[in-house]
Amino acid sequence: MGKLFIELLIFIGSGSDNMMGKNQPILVLSEDVEREQGKEAQKNNIAAAKSLADSVKATFGPKGMDKMVVGNMGDVTITNDGVTMLKEMDIEHPAAKMVVEVAESQEDECGDGTTSAVVIAGELLKRAEEMIENDIHPTTIAKGYRLASERASDVLAKMRVKVDTDDDDILKNIAVTAMTGKAVDMDKDYLAEMAVRAVKAVADEIDGSYHIDIDDIKVVKKAGGSVSATELVDGVILDKERLHENMPREIKDTKIALIGIPLEVKETETNAEVTITDTQQMQNFIDQEERSIKDMVNKIKNVGANVVLCQKGIDDLAQHYLAKEGIMALRRVKKSDMKKLARATGAGIVASLNDMCIDDLGKAESVSERFIAGSHMAVIQGTEEGKSVSLLLRGGSEHVVDELERALEDALKVIAVTLEDRYIVPGGGAAEIEILCALEDYAGKIEGREQLAVKNFSKALASIPRALANNAGMDGMDVLMELRAMHEKDGLKNHGVNIDNGEFKDMMEMNIYEPLRVKEQAIRSASELAEMVLMIDDVIAAKGGEDEERSPPAAQPGGMGGMPPGMM
Ligand code: ADP
Ligand code: MG
């Protein structure tokens, strides 16, 4: 692609009595922009999105391969998780960034199905490109895709099965399906069961419907030990030791002060030099410092706190005084933990000791130091305002623990989604095949060229069972034909392929199912992404000077020349 340095000409409408006169062109874009238009722009956008889809496809399904992504600082991530891969990759192409956003929102809303969404989107775009080549207008394609996507939701609505939320086995199976294929495959039963307990522990049931905030489950990673040593702990764990050996190890009926400022003597802001001439002066200076530290501790004691969690540092002397007052203190508590604890205990994070009052204190039944996973950690239990639990993740190395975290996050989220929505659909390609068949029928009933788009949408969905099978070393085409025959001729609408043993079975009976939301959203957002990318026929990008020298990202087959980052 050649770089186009263009001048955009806009003709002022005839009604205008602009100084420049009628129909005079004015320059609205500076010369420092790059621009691609028409088919060229579409082609490049499609190529970028497609290449990302191809790169995650190999990770798809239980037998998908893992990827090792090396960041520009040399940091290594090993993952089977589509969205993680995309996030770790240094993606610059604007259309490719849209793909990443879709994966991220899929992750946020459903916790799973990210690879599916990206693979389907790539497949939809690939087919759209062919249709554009055959002079079908992008608007027509987009419309056909929209129709097909709506129809897909209808089919899913017919297939869905209502779950009994008291049935922990079903919830566990959903978690197992979500974790299958991740590095922690061996321990998935144990982990799934734990995930169900964790979600149920923080779930609020109000008038028969569940409300779950996954953030109430704190995930603490501790490399070492085996994955099966992962445990669920009631309360919030902080991987911190109490600051002073004279501080109590356990406090009951706690009043917790969350302090957002350092408990230290302020360093002078300016670089003033104090010249001390005699020992008395020196003593005064020290006394003054001591007094101000003592003063801080007194303020904390006077409001009635017996536990101090400080986001910043705590001076040695302050530690000493706090210990003397029988107050347990931890320092450098993470901001995210401070927020979590503020919510769970009802505390306010204090920004000034002078303004601190009793209402700022949070309550919990106990705070204790325990020896967990080879280190001393603080456990805050029985928080007054909200239930919270912690998952302490163990595993042979940082990489294992990281991937375990991703697997468990998916598991927690799909359990929560199921409790909230209560509907599941069969996995193992069954839902996709059923939609695919329905869409072919539907296409026959549509007039005009949208018909072709609907047909292509159905073909795009075939990529899911095909990739599942291919990645497991089966013949994707054969599997596809077999499943189609089962669905179309025999009406076996829940039949899919069990990747663990290669059997074609009813996926509901095989306990391979997923939340309806995951499937529905993956297809819908893939379609929306494709529609959006298709409708772009003009890419106008500001040129960033220093970016010129940066090498193009890996995921760019055709190359976008110097298309700069930050377009979106
Ligand atoms: P995603 O990021 O889209 O969730 P995954 O790599 O997690 O991608 O693969 C999910 C797919 O794997 C789903 O379609 C699910 O139905 C399927 N799946 C999970 N376990 C099995 C299994 N035992 N047999 C067949 N398919 C399975
Ligand atoms: Mg998954």
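So, how was this worked out
- Residues numbered from 1 in each chain as written.
- Chains lettered and ligands numbered in written order.
- Predicted model: local features only at pLDDT ≥ 70, side-chain atom pairs only at ≥ 80, totals over all residues.
- Heavy atoms only, no water.
- Helix = DSSP H or I, 4+ residues; strand = E, 2+ residues; numbered from the N terminus.
- Buried < 20%, exposed > 50% of the residue type's maximum accessible area, 1.4 Å probe, protein only.
- Contact = heavy atoms within 4.5 Å.
- Areas by Shrake-Rupley, 256 points an atom, 1.4 Å probe, with all protein chains shown as cover.
- Near = heavy atom within 4 Å.
- Polar contact = N/O pair within 3.5 Å; in protein donor to acceptor, adjacent residues only side chain to side chain.
- Nonpolar A, V, L, I, M, F, W, Y, C, P; charged D, E, K, R; others polar.
- Axes fitted to C-alpha atoms, helices over the stretch in contact; angles between N-to-C directions.
- Parallel < 35°, antiparallel > 145°, perpendicular 65-115°, else oblique.
- Left-handed = near helix turned anticlockwise from the far one by under 90°.
- Pairing = 2+ DSSP bridges.
- Right-handed = clockwise from strand over helix to strand, strands pointing away.
- Phe/Tyr/Trp six-rings, centres within 6.5 Å; stacked < 30°, edge-to-face > 60°.
- Lys NZ or Arg CZ within 6 Å of the ring centre and 35° of its normal.

**Focus: the overall build of the protein chain**
- Within the protein chain one finds 16 helices and 23 strands.
- Here the protein chain, with 568 residues, has 50% of them falling under the buried criterion.
- Counted over contacts in the protein chain with a minimum sequence separation of 6, partners at least 24 positions apart contribute 74%.
- Carbon together with sulfur atoms contributes 47% to the accessible area of the protein chain, which is approximately 26,600 Å² in total.

**Topic: the site of ligand 1**
- If you check the shell around ligand 1, you find 21 residues, and the closest are G61, D112, T115, S116 and E514.
- One of the backbone N or O atoms of G113 is found 3.1 Å from an oxygen atom in ligand 1.
- Interatomic distance of 2.9 Å between a backbone N/O atom of I499 and a nitrogen atom of ligand 1.
- Mapped onto the shell around ligand 1, the elements with two or more residues apiece are helix 4 (114-133) and strand 20 (495-498).
- The dominant element in the shell around ligand 1, judged by the number of residues it contributes, is helix 4, at 3 residues.
- Among the residues making up the shell around ligand 1, the classes are represented as 6 nonpolar, 11 polar and 4 charged.

**A few points about the packing of helix 12 (residues 430-444) against helix 13 (residues 450-461)**
- Contact pair helix 12 / helix 13: the axes reach a minimum separation of 8 Å and the direction vectors enclose 165 degrees. Looking at the two axes, helix 12 sits roughly antiparallel to helix 13. Crossing geometry of helix 12 relative to helix 13 is assigned as left-handed. Judged by residue contacts, E432, I435, L436, L439, E440, Y442, A443 and G444 of helix 12 engage Q451, V454, K455, F457, S458 and L461 from helix 13.
- Partitioned by chemical class, the residues of the contact of helix 12 with helix 13 number 8 nonpolar, 3 polar and 3 charged.

**Observations regarding the environment of K252**
- Its location among the elements puts K252 in strand 12 (residues 250-259).
- With 116 residues separating them in the primary sequence, K252 and S368 have C-alpha atoms 8.4 Å apart.

**Side note on the sheet that holds strand 10 (residues 231-234)**
- Here 3 strands make up an open sheet; going across it, the order is 9-18-10 and the pairing mixed. At either margin of the open sheet sits one strand with a lone partner, and together these are strand 9 (217-223) and strand 10. Neighbour-to-neighbour, the strand axes of the sheet open up by a mean angle of 25 degrees, direction not taken into account.
- Where strand 10 meets strand 18 (residues 389-395), 4 bridges bridge the pair, whose relative direction is antiparallel. Note on strand 18: the bridge partner recorded for D234 is V389.
- On top of the sheet, helix 11 (residues 398-421) reaches strand 9 and strand 18; it is set at about 140 degrees to strand 18, its chief contact.

**Things to note about the side chain of S375**
- Mapped onto the secondary structure, S375 falls in strand 17 (residues 375-383).
- Of note is the side chain of S375, whose polar atom sits 3.0 Å from the side chain of K222.
- If we ignore the near neighbours within four places in the chain, the residues touching S375 are K222, D239 and R370.

**Some details on the pairing of strand 13 (residues 307-310)**
- Judged by which residues are buried, strand 13 turns out to be covered on both faces: V307 and L309 on one side and V308 and C310 on the other are all buried.
- Pairing between strand 12 and strand 13: 4 bridges, direction parallel. Residue pairing across strands places A257 opposite V308, the latter belonging to strand 13.
- As paired elements, strand 13 and strand 14 (residues 328-330) share 3 bridges and run parallel to each other. Among the inter-strand pairings, V307 is bridged to a residue of strand 14, identified as M328.
- In this region the chain leaves strand 13, passes through helix 9 (residues 316-324) and returns to the parallel neighbour strand 14; the handedness of that crossover is right-handed.

**Thoughts on the side chain of D112**
- Among the secondary structure elements, D112 is positioned in the loop between helix 3 (94-110) and helix 4.
- Overall, D112 belongs to the buried group, its relative accessible area being 15%.
- Excluding residues that lie within four positions of it along the chain, D112 makes contacts with Q106, A178, D410, V414 and V518.

**Thoughts on the packing of aromatic side chains**
- A complete count under the given rule lists 1 aromatic pair for this structure.
- An angle of 75 degrees between the planes, with centres 5.7 Å apart, marks the rings of Y145 and F457 as edge-to-face. Of this pair, Y145 sits in helix 5 (residues 138-159) while F457 sits in helix 13, and the two are 312 residues apart along the sequence. Taken individually, Y145 and F457 each receive the classification buried, so the pair is uniform in this respect.
- Taking NZ or CZ as reference, R151 lies 4.1 Å from the ring centre of Y442, over its face.
- Against the face of Y423 rests R160, its NZ or CZ located 3.8 Å from the ring centre.

**Description of the pairing of strand 17**
- Within strand 17, 7 of the 9 residues are buried, which leaves it mostly tucked inside the rest of the structure.
- Here strand 16 (residues 362-372) runs beside strand 17; their pairing, made up of 8 bridges, is antiparallel. Residue pairing in the sheet places A364 in a bridge with T383 of strand 17.
- Following strand 16, the chain reverses through 2 residues before pairing antiparallel with strand 17; A373 in that reversal takes a positive phi of roughly 50 degrees.

**Describing helix 14 (residues 463-471)**
- With 7 of 9 residues buried, helix 14 lies mostly within the body of the structure.
- Within the sequence span of helix 14, burial applies to S463, I464, P465, R466, A467, L468 and A469.
- The inward-facing, buried residues of helix 14 abut helix 1 (38-57), helix 4, helix 12, helix 13 and helix 15 (476-488).
- A positive phi of about 80 degrees marks G473, the residue just after helix 14.

**Some remarks on the sheet that holds strand 19 (residues 423-426)**
- If you trace the 3 strands from one edge of the open sheet to the other, you get 6-19-22, paired in antiparallel fashion. With partners counted over all chains shown, the strands left at the sheet margins are strand 6 (161-162) and strand 22 (513-515), one partner each.
- In this structure, strand 19 lies alongside strand 22, joined through 3 bridges in antiparallel fashion. When the bridges of strand 22 are listed, V425 appears paired with E514.
- Across the sheet, helix 6 (residues 168-179) lies against strand 19 and strand 22, angled at about 95 degrees from strand 22, the strand it touches most.
- Contacting strand 19 and strand 22, helix 16 (residues 516-534) crosses the sheet at an angle of about 75 degrees to strand 22.

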